[in-house]
Amino acid sequence: MPRITKKTYPCVPLRGLTVLPGMIVHFDLNRPFSIQAVEKAMLKDQRVYLLTQRSETVEEPELADLYAVGCVAEIKQVIKLPNGFVRVLIEGVMRANLLELTKTDLYMAVTKAFVMTMEDNRYKLTAMVRELRDQIAAYVAFNPQIGKSLEGQFQKMDTVEQLLDCVAANFPLTLPERQAMLEAESGEERFAILSEFFARETKVLEIKKQLSDETKERVEKNQKEYVLREQMKYIQEELGEDEESDVEQFKKACDRLKANAEVKKKIRKEIDRFGRISSYSSESAVVRGYIETLLELPWDKVSKDNKDLNHAEEILNEDHYGLEKVKERMLEFLAVEFLATGKEERISPIICLVGPPGTGKTSIAKSVARALNRKYIRISLGGVRDEAEIRGHRRTYVGAMPGRIVAGLKNAGVKNPLMLLDEIDKMSSDYKGDTASALLEVLDSEQNNRFIDHYVEIPVDLSSVLFIATANSMTDIPRPLLDRMEIIEVTSYTENEKVHIAKEHLIPKQIGRHGLTEQQVRIQDKALSEIIRSYTREAGVRNLERKIGQICRKAARMILQDHKKSVTVSLKNLEQFLGTPRYSYDMKNEQDDIGIVRGLAWTSVGGDTLQIEVNVMPGKGEILLTGQLGDVMKESAQAGLSYIRSKTGASKEISADYFKKHDFHIHIPQGSVPKDGPSAGITMATALYSAIVKRPVYADVAMTGEITLRGRVLPIGGLKEKILAAKTAGIKKVLVPKKNERDIGEISEEIKSGLKIIYVETMDDVLKEALK
């Protein structure tokens with residue numbers, strides 16, 4: 001029977017930890033009653049009673065929350081830590097049953113200590129010890145590191161009880177298993193718990209080792225296959241039965257390649273290098289990709305041009321209405337190309353089509369490619385800001401690839417495609433380089449025959465490529481790049497041209513896209529003109545095409561839902577298809593007025609008219625400008641006022657002290673729209689003079705031109721769009737600078753018909769024609 005003694009100990013409940021006799025362990029305490037129990041024990045005999053909580057979440061455990069058996073432990077060391085924690089190092093001494101729990105400012109436990117009585121049968125004890133040692137040996141066989149550290153401790157154990165407790169303390173038993181070991185009174189019960197643990201864990205380790213061995217075997221099998229394949233390759237080479245390798249395929253492709261000796265020499269050198277690299281090396285894939293790129297490039301492969309100039313003219317006329325100057329210039333360019341082909345001094349010019357959006361710049365390039373029977377490659381440069389996009393990446397980088405120019409050649413498959421550089425004015429630059437500077441070599445006819453791409457590293461001949469660039473504005477293209485291109489301006493379409501384009505191209509295209517036929521949908525001419533005038537405001541025809549598509553969608557629905565056989569769009573029912581009109585043009589004034597003059601302006605979507613108003617008020621000679629005017633426009637107004645003041649002595653209509661007694665307010669309506677530029681100079685000066693001398697301005701007169709301090713009229717740009725806007729507004733007489741006379745000559749008679757164009761050199765000419 002066990003020996004029984006009763007004694008009172010300070011009690012420390014433990015969460016997630018069970019202490020066995022013989023265990024040396026440290027743990028941290030932060031609950032006040034546990035810290036007080038340790039302090040009480042240190043003042044007495046340095047012994048404390050350790051009990052395990054049934055649940056770790058209980059902060060203040062009662063008797064029912066604790067296991068009935070714990071361990072009396074001796075405190076070896078106490079260390080106070082920051083934040084109120086205490087670290088305690090203890091050694092388990094003996095088991096103890098909990099009899100009574102007393103709660104004061106700390107836990108007090110009355111315990112019954114017992115000593116396990118071992119069986120008298122020495123043979124059974126010997127058999128248990130031997131069996132346990134055998135199970136430990138089997139476990140350690142799968143985990144030898146544990147065996148080396150514990151072998152010495154097991155040899156020093158004098159009793160079976162010490163051996164069992166030592167094993168339980170040093171092997172990874174679960175918390176319930178350790179508590180069961182603590183509560184077991186006989187050696188046989190403890191032996192059963194340990195025996196079950198070692199049987200289970202030995203089986204787990206055995207399965208883990210088996211999985212590890214299988215994985216290792218698979219890896220060794222792959223290595224074995226690699227060695228065998230290499231040996232088989234060698235044997236096949238010796239027998240002359242070698243299948244065609246990648247190296248041989250590359251060499252044959254190199255022999256068939258149309259390229260000069262320098263290029264082939266470089267490719268063969270890379271192929272030899274590829275043959276010396278192991279196929280399992282990461283560099284092998286890089287070299288393979290490089291060789292494949294070199295072999296796919298069209299070094300000397302060219303397509304045969306169609307040199308029939310009449311055929312080219314037919315295609316341009318078929319694809320585009322109007323744009324006569326542009327088509328004429330393109331045909332001249334093609335004629336020179338045909339005559340200069342094959343001559344050494346031939347230099348292919350770089351063409352840049354500049355014009356508003358939607359005017360057909362990209363489609364012209366497509367038509368030229370179709371006329372020449374050349375491959376068409378489009379490279380969009382909008383938003384490109386990395387130099388590597390043009391020159392390619394160096395092969396030292398992971399994922400390196402050729403630039404867009406070389407990639408375009410590779411996709412075309414010939415060295416003489418038509419390459420469209422779209423939106424060349426939308427490029428940008430950052431810390432990675434200037435894209436526009438990288439294009440200088442590409443677009444320089446003198447040096448692009450040996451263009452160096454960082455990835456290819458072999459000079460690529462771009463002299464046979466027909467480059468056509470497009471842009472919306474020349475102001476955003478860097479000067480060195482602009483200097484390398486020949487500019488062809490693609491101007492805005494007139495209303496008549498838009499009508500023809502819609503009839504011949506847009507309407508048939510949209511009808512086909514929406515699954516309709518020309519018999520099912522019909523748009524009358526007046527309705528088409530109203531769409532152009534009141535539902536779109538643009539230089540090109542993109543929005544016009546969208547509006548026609550909107551009509552086709554509604555027509556398709558009406559045909560299906562309302563079972564109509566055909567739909568006709570007229571001026572009367574146009575609003576049913578497109579809603580209320582979005583735009584209205586400022587028409588000329590109904591009567592002549594003082595201080596109000598009609599000016600002409602150029603915008604990115606075509607021309608427009610500006611009504612400039614001037615009021616004269618009593619004041620001190622100050623001038624007020626409103627309507628969101630830019631700096632250049634404000635300076636033009638100041639120059640106009642200075643010119644009029646300079647005429648004070650010469651003109652009898654203006655008194656000498658007039659400008660000291662009056663203020664002037666110049667306003668241009670549509671104040672939310674920014675306005676700038678010098679071309680409204682003579683318009684503002686005329687409005688000022690009219691308001692000062694009280695003479696009305698003809699309502700059917702519009703004007704444009706820059707003014708100087710001496711009253712000279714300087715030339716301006718955008719005349720075609722301005723003249724077109726004047727005609728739309730119902731203007732009869734237009735005043736333009738004398739130096740723009742040659743520009744007026746290039747405008748078609750269709751636009752100028754019905755307009756009286758007067759050329760002016762000075763403000764005196766302007767005032768003579770504008771004022772009553």
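Residues numbered from 1 in each chain as written. Predicted model: local features only at pLDDT ≥ 70, side-chain atom pairs only at ≥ 80, totals over all residues. Heavy atoms only, no water.

Observations regarding the overall build of the protein chain
For clarity, the cut-off: A run of H or I in DSSP counts as a helix once it spans at least four residues, and a run of E counts as a strand once it spans at least two, with each numbered from the N terminus. We call a residue buried when its accessible area falls under 20% of the maximum for its residue type, exposed when it is over 50%, and partly exposed in between, using a 1.4 Å probe and counting protein chains only. We call two residues in contact when some of their heavy atoms are within 4.5 Å. With residues, only the protein chains shown are counted as cover, and all accessible areas are computed by Shrake-Rupley using a 1.4 Å probe.
Each helix and strand in the protein chain was counted, giving 27 helices and 24 strands. For the protein chain, the proportion of its 772 residues judged to be buried stands at 45%. Pairs at least 24 residues apart make up 73% of the contacts formed inside the protein chain by residues separated by at least 6 positions. Within the structure as shown, the protein chain displays about 40,900 Å² of accessible surface, and the carbon and sulfur contribution to it stands at 49%.

Concerning the packing of aromatic side chains
The geometry of an aromatic ring pair comes down to the distance between the two centres and the angle between the two planes. Our working rule: The rule is short: rings of Phe, Tyr and Trp, with Trp giving its six-membered ring, pair when the centres are within 6.5 Å, and they are stacked under 30 degrees, edge-to-face over 60, tilted in between. Charge-over-ring placement is defined geometrically: NZ (Lys) or CZ (Arg) within 6 Å of the ring centre, and within 35 degrees of the ring normal.
A complete count under the given rule lists five aromatic pairs for this structure. On the basis of an interplanar angle of 80 degrees and a centroid distance of 5.7 Å, the ring pair of Y658 and F659 is categorised as edge-to-face. On the basis of relative accessible area, F659 is assigned to the buried category, the value being 7%. A ring pair is formed by F659 and F664, whose centres lie 5.6 Å apart and whose planes are at 45 degrees; its orientation type is tilted. Following the ring pairs from residue to residue traces out a cluster consisting of Y658, F659 and F664. Sitting over the face of the ring of Y290, R395 holds its NZ or CZ atom 3.7 Å from the ring centroid.

Digging into the pattern of salt bridges
Just so we agree on the cut-off: When a carboxyl oxygen of Asp or Glu is within 4 Å of a side-chain nitrogen of Lys or Arg, the pair counts as a salt bridge.
Scanning all chains against the criterion turns up 28 salt bridges. The salt bridge involving K503 is made with D525; its shortest N-O contact spans 2.9 Å. Residue K503 is located in helix α17 (residues 495-513), and its partner D525 is located in helix α18 (residues 525-535); the two are separated by 22 residues in the primary sequence. Note on K503: relative accessible area 40%, which makes it partly exposed. Salt-bridge contacts for K752 lead to E749; the nearest nitrogen and oxygen are separated by 3.4 Å. Of this pair, K752 and E749 are both found in helix α26 (residues 749-752), three residues apart, which corresponds to roughly one turn of the helix. Given a relative accessible area of 14%, K752 falls into the buried group. By relative accessible area, E749 is classed as exposed at 57%. When salt bridges that share partners are traced, they join K266, E270, R273 and E283 into one network.

Concerning empty space enclosed by the protein
Cut-off, in case you're wondering: Think of a 1 Å grid over just the protein atoms. A cavity is a set of points where a 1.4 Å probe fits yet cannot get out, a pocket is an open set with protein on both sides within 12 Å along at least five of seven lines, and lining residues have an atom within 4 Å of a point. Grid points are joined across faces, edges and corners, and a volume is the space filled by probe spheres set on the points. Gly counts as polar in this scheme, as do all residues outside two lists: the nonpolar Ala, Val, Leu, Ile, Met, Phe, Trp, Tyr, Cys and Pro, and the charged Asp, Glu, Lys and Arg.
This structure, assessed with the given rule, holds two cavities of 30 Å³ or more. Of the voids in this model, the largest cavity is the one considered here, and its volume is about 50 Å³. The wall of the largest cavity is formed by L297, P298, W299, L409, K415, V460 and D461. Of the residues assigned to the lining of the largest cavity, the class counts are five nonpolar, no polar and two charged.

Description of the packing of helix α7 (residues 246-256) against helix α8 (residues 261-276)
Quick reminder of the rule: Orientation is described by lines fitted to C-alpha atoms, with helices fitted over the stretch in contact, and by angles between N-to-C directions that extend from 0 to 180 degrees. Note on terminology: angles under 35 degrees are roughly parallel, angles over 145 are roughly antiparallel, angles of 65 to 115 are roughly perpendicular, and the others are oblique.
Put simply, α7 and α8 touch, their axes get as near as 10 Å, and they point 175 degrees apart. When the axis of α7 is compared with that of α8, the two are roughly antiparallel. Of the residues in α8, those in contact with D246, V247, F250, K251, C254 and D255 of α7 are K264, I267, R268, I271, D272, F274 and G275. Residues of the contact of α7 with α8, tallied by class, amount to six nonpolar, one polar and six charged.

Quick word on the packing of α8 against helix α9 (residues 282-296)
What counts here: The crossing is said to be left-handed when, going from far helix to near helix, the turn is anticlockwise and less than a right angle, and right-handed when the turn is clockwise.
Where α8 meets α9, the axes come as close as 10 Å, and the angle between the chain directions of the two elements is 155 degrees. Taken together, the axis directions place α8 and α9 in an arrangement best described as roughly antiparallel. In this structure, α8 crosses over α9, and the sense of that crossing is left-handed. Facing α8, whose interface residues are K266, I267, E270, I271, R273 and F274, α9 presents E283, S284, V287, R288, Y290, I291, L294 and L295. A class-by-class count of the residues in the contact of α8 with α9 yields eight nonpolar, one polar and five charged.

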